[in-house]
Amino acid sequence: MDSSPFTSSEVDVVVLGSGAAGLVAALAAVDAGANVALFEKADLIGGSTAISGGVCWVPMNHHMDEAGTPDSREAALAYLHSLSLGQMNPALAEAFIGGARATVEWLEAVTELEFTLIPGYPDYHPEHPGGRPAGGRSLDPGLFSYESLGPWAGRVAKSRRSARLRITDTTLGGGTGFLDDATLSYREEHDLRGCGAALVGPLLAALLGAGVEPVLDAQATDLVIEDGRVRGVRLAIGSDGGRGHVHVAHARQGVIIATGGFEWNPELVSAFLRGPMTAPASVPSNEGDGLLMALRAGAALANMPHAWWAPTVSVPGDEAFGRPRATLLNRERTLPGSIMVNRAGRRFANEAANYNALGGAFHELDPVDFGYRNLPSWLIFDGRNAREFGSFGTPAGTPIAPWITRAETIPELAETLGIDAAGLVGTIARWNSFVDAGDDADFGRGRSAYDRWSGDGRFRGEVASTLGSLDEAPYFAVQVHSGTLGTSGGPRTDPDGRVLDTTGSAIPGLFAVGNAAAAPTALAYGGAGGTLGPIIVFGRAAGQAAAKSGAERSAGGRTIG
Ligand SMILES: Cc1cc2nc3c(=O)[nH]c(=O)nc-3n(C[C@H](O)[C@H](O)[C@H](O)COP(=O)(O)OP(=O)(O)OC[C@H]3O[C@@H](n4cnc5c(N)ncnc54)[C@H](O)[C@@H]3O)c2cc1C
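Criteria and cut-off values
Residues numbered from 1 in each chain as written. Predicted model: local features only at pLDDT ≥ 70, side-chain atom pairs only at ≥ 80, totals over all residues. Heavy atoms only, no water. Helix = DSSP H or I, 4+ residues; strand = E, 2+ residues; numbered from the N terminus. Buried < 20%, exposed > 50% of the residue type's maximum accessible area, 1.4 Å probe, protein only. Contact = heavy atoms within 4.5 Å. Domains from an automatic or database assignment. Buried area = accessible area lost by both parts, 1.4 Å probe. Polar contact = N/O pair within 3.5 Å; in protein donor to acceptor, adjacent residues only side chain to side chain. Nonpolar A, V, L, I, M, F, W, Y, C, P; charged D, E, K, R; others polar. Arc of directions from axis to C-beta. Near = heavy atom within 4 Å. Areas by Shrake-Rupley, 256 points an atom, 1.4 Å probe, with all protein chains shown as cover. Pairing = 2+ DSSP bridges. Axes fitted to C-alpha atoms, helices over the stretch in contact; angles between N-to-C directions. Left-handed = near helix turned anticlockwise from the far one by under 90°.

Draft legend 1. Focus on the environment of Phe-262. On the secondary structure map, Phe-262 appears in the loop between strand 10 (246-257) and helix 8 (266-272). Residue class for Phe-262 comes out buried when judged on its relative accessible area of 1%. Expressed as a C-alpha distance, the spacing of Phe-262 and Phe-272, which sit 10 residues apart in the sequence, is 9.8 Å. In contact with Phe-262, not counting residues within four places along its chain, are Leu-268, Val-269, Phe-272, Leu-273, Asn-286, Glu-287, Gly-288, Leu-291, Met-304, Thr-487 and Gly-489.

Draft legend 2. Representation of the domain arrangement of the protein chain within the structure. Domain assignment breaks the protein chain into domain 1 (6-217 + 488-548) and domain 2 (311-484). Here the C-alpha centroids of domain 1 and domain 2 sit 30 Å apart. In this complex, domain 1 contributes 23 residues to the contact, which on the side of domain 2 involves 26 residues. Contact between domain 1 and domain 2 buries roughly 2000 Å² in total, counting both sides, with carbon and sulfur atoms accounting for 60%. Across the domain 1-domain 2 interface, the total number found is 7 residue pairs in polar contact (both at pLDDT 80 or more). By residue class, the composition of the side of domain 1 that touches domain 2 is 14 nonpolar, 5 polar and 4 charged.

Draft legend 3. Structural context of helix 12 (residues 410-417). Among the residues of helix 12, Ile-410, Leu-413, Ala-414 and Leu-417 are the ones counted as buried. On an axial view of helix 12, the arc spanned by its buried residues comes to 100°, and they lie on one face. Projecting away from the buried face of helix 12 at angles above 90 degrees are the exposed residues Glu-415 and Thr-416. Elements in contact with the buried residues of helix 12: strand 20 (377-382), strand 21 (405-407), helix 13 (421-437) and strand 22 (475-487). The opening residue of helix 12 is Thr-409, an N-cap whose side-chain oxygen sits 3.1 Å from the backbone nitrogen of Glu-412. After helix 12 finishes, the residue Gly-418 shows a positive phi value of roughly 80°.

Draft legend 4. Broad picture of the site of the ligand. Surrounding the ligand, one finds 38 residues, the nearest of these being Glu-40, Thr-49, Ser-285, Thr-531 and Leu-532. Asn-286 places a side-chain nitrogen or oxygen 2.9 Å from an oxygen atom of the ligand. A distance of 2.9 Å is found between an oxygen atom of the ligand and a backbone nitrogen or oxygen belonging to Asn-515. Burial of the ligand by the surrounding chains reaches 96%, relative to a free accessible area of 1000 Å². Contributions of two or more residues to the shell around the ligand are made by helix 1 (20-31), helix 2 (47-50), strand 8 (218-226) and helix 14 (532-548). For the shell around the ligand, a count of residues per class yields 13 nonpolar, 21 polar and 4 charged.

Draft legend 5. A look at the pairing of strand 1 (residues 6-16). Within strand 1, 8 of the 11 residues are buried, leaving the element largely enclosed by the surrounding structure. Examined bridge by bridge, strand 1 and strand 10 share 10 bridges and lie parallel to one another. If you follow Val-13 over to strand 10, its bridge partner there is Gly-254. Bridge analysis of strand 1 against strand 2 (residues 36-39) gives 4 bridges, and the strand direction is parallel. Counterpart to Val-15 in the pairing with strand 2 is Leu-38.

Draft legend 6. Representation of the packing of helix 1 against helix 14. Packing of helix 1 against helix 14 brings their axes to within 7 Å, and their N-to-C directions diverge by 35°. Both helix 1 and helix 14 take part in a crossing whose hand is right-handed. Facing helix 1, whose interface residues are Ala-20, Ala-21, Val-24, Ala-25, Ala-28 and Ala-29, helix 14 presents Leu-532, Ile-535, Ile-536, Gly-539, Arg-540, Gly-543, Gln-544 and Ala-547. When grouped by side-chain class, the residues that make up the contact of helix 1 with helix 14 number 10 nonpolar, 3 polar and 1 charged.

As structure tokens, this is what we get:
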């Protein structure tokens, strides 16, 4: 990129954003013969994808056949429909299921990705019609050595907690969350990264191999629209926020918006989301830029009140791209000896339910108080839980971190938190009686195969993996926030990712995919990987369609410089 105040370039397909959506779409467009440029707003590649678990939920994938546990189209569709509350567009659901298997096969053919099944990882609502209590649809991208990426290895976003772990090493994927010293040093020596980094690495390697070098620090700000067709994009280039350096990337075939959700844009969050969302766990560069560009181009919207919800906590030091971000509260709330309560000191949900479904509990409105009944809320756990399991990154047997609230008695803990002490004492006594009886009569925690998956691994599959009394001092508490992995509303698209206007016609030359678009599965979050599964399928479809879109493609585009 030269330093003159204005530069331009021309390619067939321009892709905005370097998460899974952008990387897969770019690769598919290249694979279909297009000349592609990819621009990323941050100074690191990978977006939320790179710091995610990297798991992809892919019904009917061929690894299920190889394992002798095949899936069926009917079961997958019935399952998705059972979770979408009538909100899912049937054509998009069909397109997802129809393209799922071929996408995994294609990715394994054109990149170094080799997915594997995560043994036993249940779907998130395994007892629903078509659900799978023993899993199979959630795929692990494994480990990828960043040594092969040369200088690009340092330009990919990294998770503080999971950089060296593969998903099966994490407690979510059935592991302990920790590596022994020998394994850790081997992975460090070979720069082996797992989880989301193992998805981003092979995609990036394939793109670099095809001659596409992502342009970092390049924020798309406006679409270039001529004669009703999107013909390019205006970008602010450089760490000065683009002041003084505007780049216009012309696109002969199409522009693919893959700029993630709008969860870091407070105005959009307040305008659209159905309830409070105060602590996103995604990368802070996801500010809804793509949504705003699509709106100005006349896009129709769908799924706007919704997000991929998640209870989160604020762990000091957890940050992405130099800004604090929330940490997912996944394991700690499912372990024996822990519950979640509101300011009345009462439990309000099955704490071991999947994170996305729990989002609804934070949006419960008290019609008399006219306030959110379960915000704020707290995770409460006892001394035995702390000793046996550790907490928020501290291993079992080590002291609990000083930022966690601690008290010697339950009333003292309630007083410190400012919540109803009698309520909390009564709730804990009631919980302990449920534990003794082996059944949570209030919220059914432990009844689903999913609840019995990620708690105490010694008892996986049994209620004891998640039911355990709170009766050993000291007692601990951490505030829980209503958070998200990313928003899931945006421009409506057709099965090829074409952005539709309010009449239902495609806006020529404009595509959207990933969390920048309305989620094709709407409310349905099928299982681990429920966002990235559809993203890789529709990312491929959008890239292929953009490569074939509009005017005849020329033999070779001018690359930026
Ligand atoms: C901790 C964590 C764990 C998760 N684990 C999983 C999991 O295991 N499986 C799963 O399915 N989902 C998971 N998720 C959710 C998943 O990560 C996201 O849904 C997914 O990564 C979104 O992909 P994307 O490509 O749409 O967006 P992103 O990966 O967020 O990428 C969007 C990119 O666009 C860039 N961008 C934004 N604006 C502009 C602009 N104006 N111009 C250019 N670029 C721009 C951003 O900087 C960003 O790099 C997890 C999320 C988190 C936070």
